[in-house]
Amino acid sequence: MVIGLQRPHRRWSFSWPVLSLFMGFMGILMGLHPAAAHGGLVSDLGVFYHAYRDRQFTKALGAFDRLLAPDNDLGDRETARLLVARGLVRERLADWDKAKTDYDRAVALDPGQAWGLAGRGNVLMANGDFPGAIREYGRALALDPASAAFLYKRGNPLFLLGRYAEAARDYQAALDSQAGHRYARLMLGFARTRAEGSVSGSPHPADLQSASWPDPVFSFLNNGLSEERLLALADDPNPIRRRENRSEAFFYLGLIRSVQGDVLRARDDFRNCLKENVVYFMEYQGARVELSRLGSGSEKPVARGTAP
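So, here's what we can say about the structure. (Residues numbered from 1 in each chain as written. Predicted model: local features only at pLDDT ≥ 70, side-chain atom pairs only at ≥ 80, totals over all residues. Heavy atoms only, no water.)

1. Here's the deal with the overall build of the protein chain
Inference 1: The helix and strand tally for the protein chain stands at 15 helices and zero strands.
Inference 2: A buried classification covers 55% of the 308 residues belonging to the protein chain.
Inference 3: Accessible surface, the protein chain as shown: approximately 13,400 Å² in total, 52% of it carbon and sulfur. (Helix = DSSP H or I, 4+ residues; strand = E, 2+ residues; numbered from the N terminus. Buried < 20%, exposed > 50% of the residue type's maximum accessible area, 1.4 Å probe, protein only. Areas by Shrake-Rupley, 256 points an atom, 1.4 Å probe, with all protein chains shown as cover.)

2. What to know about the pattern of salt bridges
Side-chain pairs of opposite charge can arise whenever the charged atoms involved come near each other.
Inference 1: All chains considered together, the criterion is met by 18 salt bridges.
Inference 2: The shortest N-O distance in the salt bridge between Arg135 and Glu136 comes to 3.3 Å.
Inference 3: On the basis of relative accessibility, which here comes to 5%, the residue Glu136 falls in the buried class.
Inference 4: Its salt-bridge partner being Arg163, residue Glu166 comes within 2.8 Å of it at the nearest N-O pair.
Inference 5: The class for Arg163 is partly exposed, based on a relative accessible area of 35%. (Salt bridge = Lys/Arg side-chain N within 4 Å of Asp/Glu carboxyl O.)

3. As for helix H14 (residues 263-275)
Inference 1: Taking 1.5 Å of rise per residue, 13 residues should cover 18 Å, and H14 covers 18 Å from first to last C-alpha, within 8% of that figure.
Inference 2: Within H14 the residues assigned to the buried category are Ala266, Arg267, Asp268, Asp269, Phe270, Arg271, Asn272 and Cys273.
Inference 3: Trailing H14 by a residue or two, Asn277 shows a phi angle of about 60 degrees, which is positive. (Expected span 1.5 Å × (residues − 1).)

4. Overview of unusual backbone geometry
Inference 1: Between Trp213 and Pro214 the backbone carries a cis peptide bond, its omega angle lying at 10 degrees.
Inference 2: Position of Pro214 among the secondary structure elements: in the loop between helix H10 (182-196) and helix H11 (215-221).
Inference 3: Unlike most non-glycine residues, Ala94 shows phi in positive territory, near 60 degrees.
Inference 4: Among the secondary structure elements, Ala94 is positioned in the loop between helix H4 (76-92) and helix H5 (96-109).
Inference 5: Notably, Asn277 is not glycine yet its phi reads approximately 60 degrees, a positive angle.
Inference 6: Residue position: Asn277 is located in the loop between H14 and helix H15 (282-294).
Inference 7: Under the relative-accessibility criterion, Asn277 is labelled partly exposed at 42%.

5. As for the nonpolar core
Inference 1: Core analysis: the largest hydrophobic core is formed by 82 residues, its most contacted members being Phe159, Met187, Phe251 and Tyr252.
Inference 2: For Phe159, the contacting residues outside a window of four places in its chain are Tyr164, Ala167, Tyr171, Met187, Phe190, Ala191, Arg194, Leu255, Glu290 and Arg293. (Core = buried A, V, L, I, M, F, W, Y, C linked by side-chain atoms within 4.5 Å. Contact = heavy atoms within 4.5 Å.)

See below:
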């Protein structure tokens, strides 16, 4: 397959709260609360699933508010699972205080709710409290030590704090647990490069040749794709997905430029990442940190990526 001639195939990738909620929680409803399910709970789950998939976050939030109505009486564990998933939606709406409230309530209802702890880490990460995020992700890992998601998440604030060797260990552990974790593979390469202080022998793999996002980034890293084509492949008919993809593309471009010592272009990339305003992605915080490392500059960001 020739990457440059293919549009990305949309992957319906959901984190645990979303996929588990739709596939597992519906079964709980049907088994334990059949009357309530027929009263609209399963319908609201479907509304949530499709709204989240289509990035209609306000609509997804409305479905959760109905699901969590007090008269539904779903039990502590099931309520905690729903609170975690609603917290994730609140993150997408940048409502960090309410997201934290949902995660705190989830952990209070179910102390074994690892994703509630990870959610608190997400909020701390978004607020720039990287040591706090490491702490919460570590607590989640204490409950689920083999979780690739939690290992990757903890690696990110370690990376942003400049603790590259520790970050690399977490990214590698994430890959040991889940070999197909694309973002762990991306960040592992950058963490090792910075930890070792050399760009030679980059561990970025050359075997990921899919056009599904974010695989085109690997092709770019291995000199198989132009920057213009990379940004074209980040495009998407859904404007929110487009912003998400472009935010990631600019962040990774900026990391590449910074490793290469091209400070001016790296600044442009990180500023363009921030312009996409995807505040709930780690790449947004990453761009802010990387800009501070590169120092201030008067140059304006260059608008790139308009090529078809």
